[in-house]
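Next come the chains, spelled out residue by residue.
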2 protein chains.
Amino acid sequence: LLPDAAMSRESLVARAVDVYRSYGFSPIETPALEYAEILLGKGGDETEKQTYRFEDAGGRDVALRFDLTVPFARFAAEHAGRLGTPFKRYHVGTVWRGENTQRGRYREFMQCDFDTIGTESVLADLETLLVTHDLFVALGFDRFTIRFSDRRILGGLLENLGLGDSAVAVLRSLDKLQKTSRARVEAELATVPGADAGKVARIIELAAMSGDAAGILDRVAPLVGGNPTGDAGIAAVGDVLSGIEAAGVSPGRIVLDLSIARGLDYYTGMVFETYLDDLPGIGSCCSGGRYDDLASLYTKDRLPGVGGSLGVDRLLAAMDELGLSGQRSTWADVLVTVFDDEGAVGAVEIATTLRRGGVATEVYPEARKLGAQLKYANGKGHRLAVIAGPSERDRGQVQVKVLASGEAVDVTLEDLVATCRRLLAAHG
Amino acid sequence: LLPDAAMSRESLVARAVDVYRSYGFSPIETPALEYAEILLGKGGDETEKQTYRFEDAGGRDVALRFDLTVPFARFAAEHAGRLGTPFKRYHVGTVWRGENTQRGRYREFMQCDFDTIGTESVLADLETLLVTHDLFVALGFDRFTIRFSDRRILGGLLENLGLGDSAVAVLRSLDKLQKTSRARVEAELATVPGADAGKVARIIELAAMSGDAAGILDRVAPLVGGNPTGDAGIAAVGDVLSGIEAAGVSPGRIVLDLSIARGLDYYTGMVFETYLDDLPGIGSCCSGGRYDDLASLYTKDRLPGVGGSLGVDRLLAAMDELGLSGQRSTWADVLVTVFDDEGAVGAVEIATTLRRGGVATEVYPEARKLGAQLKYANGKGHRLAVIAGPSERDRGQVQVKVLASGEAVDVTLEDLVATCRRLLAAHG
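About the criteria used
- Residues numbered from 1 in each chain as written.
- Chains lettered and ligands numbered in written order.
- Predicted model: local features only at pLDDT ≥ 70, side-chain atom pairs only at ≥ 80, totals over all residues.
- Heavy atoms only, no water.
- Helix = DSSP H or I, 4+ residues; strand = E, 2+ residues; numbered from the N terminus.
- Buried < 20%, exposed > 50% of the residue type's maximum accessible area, 1.4 Å probe, protein only.
- Contact = heavy atoms within 4.5 Å.
- Areas by Shrake-Rupley, 256 points an atom, 1.4 Å probe, with all protein chains shown as cover.
- Lys, Arg positive; Asp, Glu negative; His and termini not counted.
- Charge placed at Lys NZ, Arg CZ, Asp CG, Glu CD.
- Least-squares fit on C-alpha atoms with pLDDT ≥ 70 in both.
- Buried area = accessible area lost by both parts, 1.4 Å probe.
- Salt bridge = Lys/Arg side-chain N within 4 Å of Asp/Glu carboxyl O.
- Polar contact = N/O pair within 3.5 Å; in protein donor to acceptor, adjacent residues only side chain to side chain.
- Nonpolar A, V, L, I, M, F, W, Y, C, P; charged D, E, K, R; others polar.
- 1 Å grid on protein atoms, 1.4 Å probe; cavity = no way out; pocket = protein on both sides within 12 Å on 5 of 7 lines; lining within 4 Å.
- Points joined across faces, edges and corners; volume = space filled by probe spheres on them.
- Pairing = 2+ DSSP bridges.
- Axes fitted to C-alpha atoms, helices over the stretch in contact; angles between N-to-C directions.
- Phe/Tyr/Trp six-rings, centres within 6.5 Å; stacked < 30°, edge-to-face > 60°.
- Parallel < 35°, antiparallel > 145°, perpendicular 65-115°, else oblique.
- Left-handed = near helix turned anticlockwise from the far one by under 90°.

Trainee: Can you lay out the overall build of chain A for me, pointing to particular residues and giving the numbers?
Mentor: Secondary structure assignment for chain A yields 16 helices and 16 strands. Its C-alpha atoms give chain A principal-axis dimensions of about 90 × 60 × 45 Å. By the burial criterion, 56% of the 428 residues in chain A qualify as buried. Put simply, 67% of the contacts in chain A that link residues at least 6 apart link residues at least 24 apart. Accessible area of chain A: about 17,600 Å², with a carbon and sulfur share of 49%. In chain A, 47 positive and 60 negative side-chain charges are present, and the distance between their average locations comes to 2 Å.

Trainee: Go over the relation of the copies chain B and chain A, please, and point to the residues and values.
Mentor: Each of the two chain copies can be brought onto the other by rotation about an axis and movement along it. Mapping chain B onto chain A is achieved by rotating through 180° and translating by 0.0 Å along the same axis, at an RMSD of 0.1 Å. The superposition of one copy onto the other is thereby described by a two-fold rotation axis. The rotation axis passes nearest to the C-alpha of Phe54(B) in chain B, at a distance of 3.1 Å. A symmetric contact is evident, with 95% of the interface residues of chain B recurring at the interface of chain A.

Trainee: Which residues make up the interface of chain B and chain A, and what values do they have?
Mentor: Every contact between the two is made by 76 residues of chain B and, on the other side, 78 residues of chain A. Buried surface at the junction of chain B and chain A, summed over both partners, amounts to about 6,200 Å²; 58% is from carbon and sulfur atoms. Connecting chain B to chain A are eight salt bridges. The partner of Glu127(B) in a salt bridge is Arg355(A), and the shortest N-O contact between them spans 3.8 Å. At the junction of chain B with chain A, the criterion picks out 30 residue pairs in polar contact (both at pLDDT 80 or more). It is helix 1 (residues 3-22) of chain B that provides the largest number of residues to the side of chain B that touches chain A, a total of eight residues. Grouping the constituent residues of the side of chain B that touches chain A by class yields 41 nonpolar, 18 polar and 17 charged.

Trainee: Can you break down empty space enclosed by the protein residue by residue, with the values?
Mentor: Residue and element names in this part refer to chain B. Enumeration according to the criterion identifies six cavities of 30 Å³ or more in this entry. Here the largest cavity defines a volume of roughly 90 Å³. Among the elements that make up the lining of the largest cavity, the one with the highest residue count is helix 5 (residues 122-138) (five residues). Grouping the constituent residues of the lining of the largest cavity by class yields nine nonpolar, two polar and three charged. Estimated volume of the second largest cavity: approximately 70 Å³.

Trainee: Could you give me a rundown of the sheet that holds strand 8 (residues 254-256) of chain B, with the residues and numbers involved?
Mentor: All names here are of chain B. Reading across from one edge, 1-5-6-11-10-9-7-8 is the order of the eight strands in this open sheet, with mixed pairing throughout. In this open sheet, the two edge strands, each paired with only one partner strand, are strand 1 (26-27) and strand 8. Of the pairings in the sheet, the one linking strand 7 (residues 144-150) to strand 9 (residues 267-276) comprises seven bridges and is antiparallel in character. Paired with phenylalanine 144 across the strands is leucine 276, a residue of strand 9.

Trainee: Mind laying out the pairing of strand 5 (residues 87-96) of chain A, listing which residues take part and the relevant values?
Mentor: All names here are of chain A. For strand 5, the buried fraction is high: eight of the 10 residues fall into the buried class. Here two bridges tie strand 1 (residues 26-27) to strand 5, and the two strands are oriented parallel to one another. Within the sheet, the bridge partner assigned to serine 26 lies in strand 5 and is arginine 89. In the sheet, strand 5 pairs with strand 6 (residues 108-117) via 10 bridges, with the strands oriented antiparallel. Looking at the pairing, phenylalanine 87 lines up with isoleucine 117 of strand 6.

Trainee: Explain the sheet that holds strand 3 (residues 53-55) of chain A to me, using residue names and the numbers behind them.
Mentor: All names here are of chain A. Reading across from one edge, 2-4-3 is the order of the three strands in this open sheet, with antiparallel pairing throughout. With one partner strand each, in any of the chains shown, strand 2 (33-35) and strand 3 form the two edges of the open sheet. On average, each strand axis in the sheet is inclined to that of its neighbour by 35°, with strand direction left out of account. Judged from the three bridges that link them, strand 3 and strand 4 (residues 61-64) form a sheet pairing that is antiparallel. Each residue of the ladder has a partner; that of glutamate 55, found in strand 4, is aspartate 61.

Trainee: So what's going on with the environment of Ala372(B)? Residues and values would help.
Mentor: Residue position: Ala372(B) is located in helix 14 (residues 370-380). In the structure, Ala372(B) is positioned 235 residues away from Val137(B) in sequence and 40 Å away in space, judged by C-alpha atoms.

Trainee: If you had to explain the pattern of salt bridges to someone new, which residues and values would you point to?
Mentor: Enumeration over the complete set of coordinates arrives at 42 salt bridges over all chains. We note a salt bridge from Glu10(A) to Arg21(B), for which the minimum N-O separation is 2.7 Å. With Glu10(A) in helix 1 (residues 3-22) and Arg21(B) in helix 1, this pair bridges two chains. For the pair formed by Glu10(A) and Arg21(B), the shared burial category is buried.

Trainee: Tell me about the packing of aromatic side chains, residues and numbers included.
Mentor: By the definition in use, this model includes 16 aromatic pairs over all chains. When the ring of Phe25(B) is compared with that of Phe114(B), the centres are 5.8 Å apart and the planes differ by 90°; the resulting orientation is edge-to-face. Linking Phe25(B) in the loop between helix 1 and strand 1 with Phe114(B) in strand 6 (residues 107-117), this pair joins segments that are 89 residues apart in sequence. Of the two residues examined, Phe25(B) and Phe114(B), each falls in the buried class. A connected cluster of aromatic rings, assembled from ring pairs, spans Tyr20(A), Phe25(A), Tyr90(A) and Phe114(A).

Trainee: How would you summarise the packing of helix 8 (residues 182-190) of chain A against helix 9 (residues 197-207) of chain A if you had to cite specific residues and measurements?
Mentor: All names here are of chain A. Packing of helix 8 against helix 9 brings their axes to within 10 Å, and their N-to-C directions diverge by 135°. Judged by the angle between their axes, helix 8 and helix 9 are oblique. Between helix 8 and helix 9 the crossing geometry is right-handed. Side by side, helix 8 and helix 9 meet where Arg182, Val185, Glu186, Leu189 and Ala190 of the first sit next to Val200, Ile203 and Ile204 of the second. Looking at the contact of helix 8 with helix 9 residue by residue, the classes come out as six nonpolar, no polar and two charged.

Trainee: Talk me through the side chain of Thr30(B); I want residue IDs and the actual numbers.
Mentor: With respect to the helices, strands and loops of the structure, Thr30(B) is situated in the loop between strand 1 and strand 2 (33-35). Excluding anything up to four places from it in sequence, Thr30(B) contacts Glu108(A), Arg65(B), Pro71(B), Arg74(B), Phe75(B) and His91(B).

Trainee: Run through the environment of Arg421(B), naming residues and quoting values.
Mentor: All names here are of chain B. Inspection of the secondary structure puts arginine 421 in helix 16 (residues 416-426). Accessibility expressed as a relative area gives 48% for arginine 421, which makes it partly exposed. Taking the C-alpha atoms as reference points, arginine 421 and glycine 358, 63 residues apart in sequence, are found 9.0 Å from one another. Here arginine 421 is in contact with Gly357, Gly358 and Val359, once residues within four sequence places are set aside.

So this is what it looks like as structure tokens:
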């Protein structure tokens, strides 16, 4: 990544981490390289095909992690006693996937996950949605929608219909509702053993319900009511909705959408996806949900939890497209130019003064023509240039130039920090 | 890494990045995985033995980077035109080395490099030392010493002694002066072709010079003077010393030490190492220097530069040993307890209010016994607990408890943010 892209990513991750921290999530880190049997223990053929796996010099079978969930499961199992529960963690890290390398697709990308484990409380479900909400606000998105559901509602309907054992197949089909036609999903559902036309219609009716959450819950009740699984799901959704209101979330930002199913088998309760209203085509940018047991492969302790995963690279692409990315390629606001070799020491003094005053400041390293130095500053995105030629030096002054407007003021060294701060605030 | 260690590392890297930014360095990122021929093109057998190298699914010969310098050289060569010069970058990233894999150790660690390329200016040398100085101050170290030299001074002496062609061998021996006895270094130097006892004595005399910089330069002049390489080195050291003074660096923090040679062949001018006065045994925690050409392997453009590398994991170990690491395992200052299910929504409201007021706040996810929730907060390192039981709720108040002292105050919701801020400031 060149500096402008690396700065965007750095700034996105920093803002995400600030939100995680503000909710009491703590960081963990795990190695990128682990024994293949640990990373691949639970994954299917598809995962195995995508994983970079090799033998190290000691003859061990190792692999690069392909997500942050599996390493977290191993980590949680290993350290459960020391961590205590509830345990809330975030993890920013690189993952590797080898899919379609011939088509030149990303094989190395960054994930940014957050999870709360060791509690079945609906408060943790709610908080997962609030964190996601705050993330998108912090990233500068005005128009986004978090769509959530609770798998137990559909599960209750399926149990009522005598299709409880086919839940996974039904969920996988429903997950395509947003990507393909309703007719195709109906045809796929009709192939589920025991699913006649009437049952398929009921399933679609439930998944396609729209409108305000209270209205949806009213219409859901007769379809699902009386079934303990379904009732638990309806109650949890009600609690989540109250919490969203208590947190003062603007209406329409977190909405109930029973078609959200998430294809993965392991979700057991709340599930959610996040869409950018202006770029629906790029798909969900933050998804997740509640799972019954994170680490069954590695420990006998049951570790239920809930969490989400932020699609860092997808979001960066979206921010580029929406013009939310910065175009600068420096974090420094000020460039101190160097007029001649005699002025070099003075430039260092000026820069030191500015940095001590909290203003990030670069010194041009050579006494080149002023025009070349200002061109450099314009190209990098500095906002102010400080010029100290011999005439200014003789007067004990420096000139501060606003690069965007060309405005220039002469100031004494004592006034330099205050002047730069004022100009930066005005030309932010 | 468990949360306390991960927080220390996060915080160390954030402070380092702040310093880099304050000098106008910009971030870049390169893939961890590159073609083996690119990463290993310049490395010797030793590097090759330590590198994780394997064939990917597409049959390509790839490897995990073993440092950040080689990928930067490739990157700079590839993008030189777009980046322009001077180009100042920092790069925080994981590197892998497989040494001693037979002993079950594979090593994955973090590097944090900064470089200025495309200029031969002594200002960039000076700035490299100032950045290093500011890094250690920002990390909270009171007692550290940056030792620098210029290889051309010793080079000038060797040319005067007719040993110019043996510079690399001499440098490698001198590099051991701090680790082994002077007698052993003398014995090793005596094996360099053409180095008689008199010449060895001269070399050691130069390397062992101590005292203030002006005094050293006075004594160096007759040994090296008249040799153009040596004179250039003396002049550059003089300029660096002026700049250090201009930047107001406390005396003794950046000192001239002609024994600093750095073993690596590619340094050509200024070289430096950084030691913690209280932990000399752990070796240099930030080292680097000037090189003539970064990317000769990848481009015909000459890219001279200067930079340094921060030993992140070594510094973390040092901070642990010196008691500079935090012991907390949460970034959140406040824990909002949940008294009963009815209070859960209220807890979310309270937490939202605090977060909007800039106070990082965690909600305990379940209505457990208060004692268990306070124990959790003490274990994690929260500073305040907010308690809202039914009696407080009835009065429209909450209780704020300072965990360290047990002090408790009742406040209205309107006063909550201000009260928490005041208590946090007082119990920092």
